[in-house]
Amino acid sequence: MGSSSLASGVRAGGWSSRWLWMSSCILYSPVLPVSSLFWLFLAAPGARAAGYETCPTVKPGMLNVHLLPHTHDDVGWLKTVDQYYYGVKNDIQHASVQYILDSVISALLADPTRRFIYVEMAFFSRWWKEQTSATQDTVQELVRQGRLEFVNGGWVMNDEAATHYGAIVDQMTLGLRFLQDTFGSHGRPRVAWHIDPFGHSREQASLFAQMGFDGFFLGRIDYQDKIVRRQKLRMEEVWRASASLQPPAADLFTGVLPNNYNPPKDLCWDVLCADPPVVEDPNSPEFNADNLVTYFLELASSQKHNYRTNHTVMTMGSDFQYENANMWFKNMDKLIRLVNKQQQENGSRVHVLYSTPSCYLQELHKANLTWSVKEDDFFPYADGPHMFWTGYFSSRPALKRYERLSYNFLQVCNQLEALAGPPANVGPYGSGDSAPLKEAMAVLQHHDAVTGTSRQKVADDYARQLAAAWGPCEVLVSNALAQLSDYKQDFSFCHELNVSICPVSQNSEHFLVTVYNPLGRKVHQMVRLPVREGLFTVKNPNGKTVPSNVLMLPSSYSEKYQWELLFSASVPALGFSIYSVTKITGHKFYQEHSLQARPRKARSHALSIENEYIRATFDSGTGLLKNIENMEEKLSLPVRQGFFWYNASTGDEQSSQASGAYIFRPWQLKPLPVSRWAQIRLVKTALVQEVHQNFSAWCSQVVRLYPGQRHLELEWTVGPIPAEDHWGKEVISRFDTPMKTKEQFYTDSNGREILRRRRDYRPTWRLNQTEPVAGNYYPVNTRIYITDGHMQLTVLTDRSQGGSSLKDGSLELMVHRRLFVDDDRGVVEPLMESGTGQRVCGHHLVLLSSVREAAARHRLLAEKEVLAPQLVLAQGGGRLYHPHAAPRMQFSGLRQDLPPQVHLLTLARWGPKTLLLRLEHQFTVREDSGRNLSAPVTLNLKNLFQAFTITHLKETTLAANQPLSKASRLKWITNTGPISYPDASKLDPTSVTLQPMEIRTFLALVQWQELS
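To start, this report covers the structure provided alongside it.

Rules of the game
- Residues numbered from 1 in each chain as written.
- Predicted model: local features only at pLDDT ≥ 70, side-chain atom pairs only at ≥ 80, totals over all residues.
- Heavy atoms only, no water.
- Helix = DSSP H or I, 4+ residues; strand = E, 2+ residues; numbered from the N terminus.
- Rg over C-alpha atoms; globule rule 2.2 N^0.38 Å.
- Buried < 20%, exposed > 50% of the residue type's maximum accessible area, 1.4 Å probe, protein only.
- Contact = heavy atoms within 4.5 Å.
- Areas by Shrake-Rupley, 256 points an atom, 1.4 Å probe, with all protein chains shown as cover.
- Lys, Arg positive; Asp, Glu negative; His and termini not counted.
- Charge placed at Lys NZ, Arg CZ, Asp CG, Glu CD.
- Pairing = 2+ DSSP bridges.
- Axes fitted to C-alpha atoms, helices over the stretch in contact; angles between N-to-C directions.
- Parallel < 35°, antiparallel > 145°, perpendicular 65-115°, else oblique.
- Left-handed = near helix turned anticlockwise from the far one by under 90°.
- Nonpolar A, V, L, I, M, F, W, Y, C, P; charged D, E, K, R; others polar.
- Expected span 1.5 Å × (residues − 1).
- Salt bridge = Lys/Arg side-chain N within 4 Å of Asp/Glu carboxyl O.
- Phe/Tyr/Trp six-rings, centres within 6.5 Å; stacked < 30°, edge-to-face > 60°.
- Lys NZ or Arg CZ within 6 Å of the ring centre and 35° of its normal.

Turning our attention to the overall build of the chain. A count of helices and strands for the chain gives 18 helices and 52 strands. For 1012 residues, the compact-globule estimate of 2.2 N^0.38 gives 31 Å, and the chain sits close to it at 29 Å. Taken over the C-alpha atoms alone, the chain extends approximately 105 × 75 × 55 Å along its principal axes. Across the 1012 residues of the chain, 65% fall into the buried class. Sequence separation of 24 or more characterises 76% of the internal contacts of the chain that already satisfy a separation of 6 or more. Working note: accessible area of the chain is about 36400 Å², and carbon and sulfur atoms make up 50% of it. Each charge class in the chain can be summarised by its mean position, and for the 103 positive and 98 negative side chains these summaries are 6 Å apart.

And the structure:
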């Protein structure tokens, strides 16, 4: 595949035929001819996919009832993904997705008026691969005619509370790419469909808008919110999902479905339902047609009163329904015929039709109404008094951490596959593949996966899928590192560093540490590795010795002490540094250089740890943190931190509702302390200062400061939570300060924009608060903070957690839960956690800063926390990748660091010569004034990368399934005034500007460089 016909510079114009061929998809099979349809679509000016023009005819002047046949297929919940697909373990839940899809296709072919929608590509893609060519051709035609419509189109229907925005974008991209490659533009969903997630985030709507969706339909919203919306005719409105992006970039028409996602009462005709079928024979004793028609007309009329147009929807389906699709369609056929017959016989003004969400949305758009605007989110969600779904924000914290680590590793894998090119996939370590981890991570975004709301065996299976998918990526990373470093090493990935286990560092006299940095800017990382007792020398990539310490520390997992080697690594942007570690031998040298640091008991009344920026002071009487000073900004704040637990309710006289995997409901408002004091030990060396706190046999913490660090690190270990008293316990870490915070606190939305929260308050309706604790909990994906307008205390998390501020100056995060009673939401299993999930390690990063400096601090720190450097170890010795070439001990994939406000969200292989590139501005409007980080920033992409040259660039929508120049969305009139729609500007790769919070997505044809 020569590139002689490609221009030497970057082109932003039309695509050549060679470009079309080179860019064919390799994700699902080496050659997929249908994928070329995507590039033909990109190349064809004005090409339009079949979409709204395939919608059925409605009747003006009548109430049009759109029946939406659908199935909701959880990608794991009570059964595993495979058990749901194949129909195994039907004694747990009768569900088989393969038979649902078989049955639906047959039923659609029986009548051309019938329609059906499908959502989860994790299931559909598997089913598709099993079909014959004839069946595939038939399905292609059904999709082309709009009779089988895909909505949402992600790999799963993701959760919106515990998911990071990067993982959401990845899973949506995976599903939408399958649809584009398989069905072309005919398969592109127009409508987002989140009918089951337990609350809805503003960032989710923003992402959907940037993906090009025209509308968004929700199932679950708070019961009080729904009552108000019905009264005020606000079941449908425009969601303005960003305070930074210029409207309508993040505006999305959003509708709340009338019955969550279930059929109306008495109108469920599935094998899983008990409602009687439609009986038309008047001579039958079971005759019910007249009553059903009357009931349906009354239902439609009643439903219309809550909506503004002469169109309304009824969701005809539910969980894993349509295994016998004929039952559903046969009865709906009769219902449609009988109801519409009333137009002639009785002058009825109701017209019923098979429809889809996009066809319903089109009719709303045609109404040309002015719509209200929503600017907040839909958290927290309650489905009744005392029933707040805020427990799942924190359920199964070990799985939540594993998911976040896997996201980190997937980005490392993606980047190295892009930087190294084809040698990453086939190299000295075997066949490397990023696809399995992409799919496993996509599955984890499902709203019963990362949420922790599946059964234990299903949670174990989610973890199994992640573990299995790491393997092919580890091979890929090894191939790539060997190629980029020109050095073949015996690479090893230490999966248990969180419990201080790494065989290579613990058993080797000499080993190499490759530190890979996935960020677009240089980082300094303190490397900690478990070792055997002794002293070590550490040399940097230039062969110079760097300072190091060996710490003797108490183990959280055994009664023995453990030794850890510390050294600071400097790693270039999007690159790696290789450090050499050698154990020092010799008795005399050992005695003269015994620099091992051992913990010692604190003796003074006030002890502290500090570096050049931060001082943390502890009360030696209680062992608790009592003050934090920011010496750089001359700020001081009394901060008392400790661990507490809420006694979980099992139901009371007010409500039978218990705390469970979904629901958080404490028995009393005030939590109990794990301990009012902590046994403490102090460690101080030139490279680290630590206070080790032991609160109880099942709760401990290390408070840590490294040189040059502007934040305090709190590494906590909780569990196994004691169960002898049979009290459910929900454990929190709480920070108490004297700050006057006016009942307000702030949480992130999926790791991006920040939302202001206020206790016992909802922006769009008057809240009747029934649970003062649980009703004030919100999802915290990466950070939560409080401020008095002068100072700001921010706590960053290493996974999604629930958090709140239940009194002024206080801030709390839930770190673990163990419960003895199910919360009656379908799992029928208490959240007890077994195996490795019982004991959980994690860390909180605490920032004290002025409000002026806060955004710059927490934005850049959160970026590094989510995309932390990856360590790869190797025993000493190796061989050259290329003969006569010297090993490359340091490498950067960039020619220069990205500006601090720019985040490299995605760098991944898309085709044999094609990369997917996403760049984002990670600051909001007016968020940072100190360093002007909220200002727009312009990049030259032409010479940005060192490992490859971009020869052709095309900008797309966020999910990369439409060219941006061809993308258009329905335009809505809002009550906030007119919106300007700027013309798309011509793409200049040498001058790409990012506005605050903007993400720009590109497909780039590249030529890899021969690295010297």
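Time to look at the sheet that holds strand β47 (residues 914-921). Overall, antiparallel pairing links the four strands, which are arranged β46-β47-β52-β49 in an open sheet. Lying at the two open borders of the sheet, with one neighbouring strand each, are β46 (902-911) and β49 (948-956). On average, adjacent strands in this sheet sit at an angle of 30 degrees to one another, irrespective of strand direction. With eight bridges joining them, β49 and strand β52 (residues 999-1008) adopt antiparallel strand pairing. Within β52, the position partnered with Thr949 by the bridge is Gln1007. Along the sheet, helix α13 (residues 397-420) contacts β46, β47, β49 and β52; its crossing angle with β46, the most-contacted strand, is approximately 60 degrees.

In contact at an axis separation of 9 Å, helix α7 (residues 165-183) and helix α14 (residues 435-444) are set at 115 degrees when each is read in the N-to-C sense. Relative to α14, the element α7 lies roughly perpendicular. Note that α7 runs across α14; the crossing there is left-handed. Along its contact with α7, which presents Ala167, Gln171 and Leu174, the element α14 presents Lys438, Glu439, Met441 and Ala442. For the contact of α7 with α14, a count of residues per class yields four nonpolar, one polar and two charged.

Taking 1.5 Å per residue as the helical rise, α7 with its 19 residues ought to reach 27 Å, and the 27 Å between its terminal C-alpha atoms agrees with that figure. Counting buried positions along α7 gives 19 out of 19 residues, so the element sits mostly inside the fold. Taken from the residues just after α7, Gly184 is the one with a positive phi, measuring 65 degrees.

Bringing unusual backbone geometry into the picture now. Leave glycine aside and you will find that most residues have negative phi; peptide bonds, for their part, are mostly trans. Omega for the bond connecting Pro247 with Pro248 falls within 30 degrees of zero, at 10 degrees, which places this linkage in the cis form. On the secondary structure map, Pro248 appears in the loop between β6 (236-240) and β7 (251-256).

Among the ten residues of α14, eight are classified as buried, and the element is accordingly described as predominantly covered. When we look at burial in α14, the residues that qualify are Ala435, Leu437, Lys438, Ala440, Met441, Ala442, Val443 and Leu444. On its buried side, α14 packs onto α3 (81-86), α7, α13, α15 (456-485) and β46.

What follows is about the pattern of salt bridges. Applying the stated criterion across every chain yields a total of 42 salt bridges. Between Asp377 and Arg757 there is a salt bridge; the shortest N-O distance is 2.9 Å. Taken together, the positions of Asp377 in the loop between β11 (373-374) and α13 and Arg757 in strand β36 (residues 754-758) put the pair 380 residues apart, joining distant regions of the chain. In this structure, Asp798 engages Arg401 in a salt bridge whose closest nitrogen and oxygen atoms are separated by 3.7 Å. Residue Asp798 is found in the loop between β39 (791-796) and β40 (801-804), and its partner Arg401 is found in helix α13; the two are separated by 397 residues along the sequence. Here Asp798 and Arg401 have matching classes, each one buried. Through salt bridges that share partners, Arg528, Glu564, Glu690, Arg704, Glu713 and Glu715 make up one connected network.

Moving on to the packing of helix α4 (residues 97-110) against helix α5 (residues 121-129). Look at α4 against α5: their axes get within 10 Å of each other, and the N-to-C directions meet at 70 degrees. Classified by the interaxial angle, the pair formed by α4 and α5 is roughly perpendicular. Residue-level contacts link Val97, Gln98, Leu101, Asp102 and Ile105 of α4 to Phe123, Phe124 and Trp127 of α5. Taken together, the residues that form the contact of α4 with α5 break down as six nonpolar, one polar and one charged.

Further remarks concern the packing of aromatic side chains. For the structure shown, the criterion picks out 45 aromatic pairs. Three or more aromatic residues link up through ring pairs in this structure, and these residues are Tyr118, Phe124, Trp127, Trp128, Phe150, Phe178 and Phe183. A cation over a ring is seen here: Arg752 above Tyr165, with NZ or CZ 5.3 Å from the ring centre.

This brings us to the sheet that holds strand β9 (residues 350-354). Read across the sheet, three strands follow the order β8-β1-β9 without closing on themselves; strand pairing throughout is parallel. This sheet does not close on itself; its edge strands, each paired only once, are β8 (311-316) and β9. Each strand axis lies, on average, 25 degrees off the axis of its neighbour in the sheet, ignoring direction. Two elements, strand β1 (residues 63-69) and β8, share six bridges in a ladder whose sense is parallel. Looking at the pairing, Leu68 lines up with Thr315 of β8.

For Asn283, the position within the fold is in the loop between β7 and α10 (289-304). Through-space distance from the C-alpha of Asn283 to that of Tyr354 is 29 Å; in sequence the pair is 71 residues apart.

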